[in-house]
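# Architecture at a glance
One letter stands for each residue in the lines below.
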Amino acid sequence: MKENFYDSYYYNYQMWYANEIIKNYDEALKYYDKILEYKENSTNNIKKSFVLNQKWVVYEFLWEVDKAYNNYSELYTLNDNNHKVASNIGGYLSSKWDFEKAKEFFIYSLNTNDNKFKSKIYSTLALLELEMNWLKPNIQQSIEYAKQSIEINKNNYIGYMSLARWYYMLNDTKYNNDIINANHLQKEIPK
């Protein structure tokens, strides 16, 4: 029996994504649920993890973060190789001020092969160091994370901004050249 186009994964995927983009989140959630009804998505943990991750991102957009977190935890047990889920859990824990636990999830999510994503995680870790110890932050560790972010993805402007910020926070004129160089590097990013 030939699959009806409107019942296909491709159609529902495009509809969920289109509705998510135009911020029609309730409609997007309907398409996510429809995709999860397909046997190949409900029994394959990797596929299910991918679809559910996207669904729970929508819950975050709706500011239902606790619902999103509960489902991220479920997803993580389905497929702990979904590094974006690990990162999302880290983000949730950060919003709850549980920085030590959040850091564990962010560090685990560095196991990805996606260098742009990995670069973003290093930028997040640079900031997390400040949040963890805001009275006595480990600025040198933040600098190292920012450098790693830049090394992996030279187009990640946040890494350059972080690097300049951390050098500035050292509040020592001997770092003035490093601050200027970090800002100049950002301007030299190839298009």
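Residues numbered from 1 in each chain as written. Predicted model: local features only at pLDDT ≥ 70, side-chain atom pairs only at ≥ 80, totals over all residues. Heavy atoms only, no water.

This part takes up helix 10 (residues 157–169). Here helix 10 spans 18 Å end to end across 13 residues, near enough to the 18 Å set by a 1.5 Å rise per residue. When helix 10 is considered as a whole, its buried residues turn out to be G159, Y160, S162, L163, A164, W166 and Y167. Once helix 10 finishes, N171 follows within two positions and takes phi at roughly 50°, a positive value. (Helix = DSSP H or I, 4+ residues; strand = E, 2+ residues; numbered from the N terminus. Expected span 1.5 Å × (residues − 1). Buried < 20%, exposed > 50% of the residue type's maximum accessible area, 1.4 Å probe, protein only.)

Attention now moves to the pattern of salt bridges. Oppositely charged side chains can form a pair if their charged atoms are brought close together. Counted by the stated rule, this structure contains three salt bridges. K101 is the partner of E104 in a salt bridge, and the nearest nitrogen-oxygen pair spans 3.4 Å. In this pair, E104 and K101 both sit in helix 7 (residues 99–109), three residues apart, roughly one turn of the helix. Relative accessible area serves as the criterion here: at 47%, E104 is assigned to the partly exposed category. Residue classification places K101 among the partly exposed residues on the basis of a relative accessible area of 36%. For K103, the salt bridge goes to E129, with nearest N and O atoms at 2.8 Å. With a gap of 26 residues between them, K103 in helix 7 and E129 in helix 8 (residues 115–132) connect regions that are remote in the sequence. With relative accessibility at 18%, the residue K103 sits in the buried group. (Salt bridge = Lys/Arg side-chain N within 4 Å of Asp/Glu carboxyl O.)

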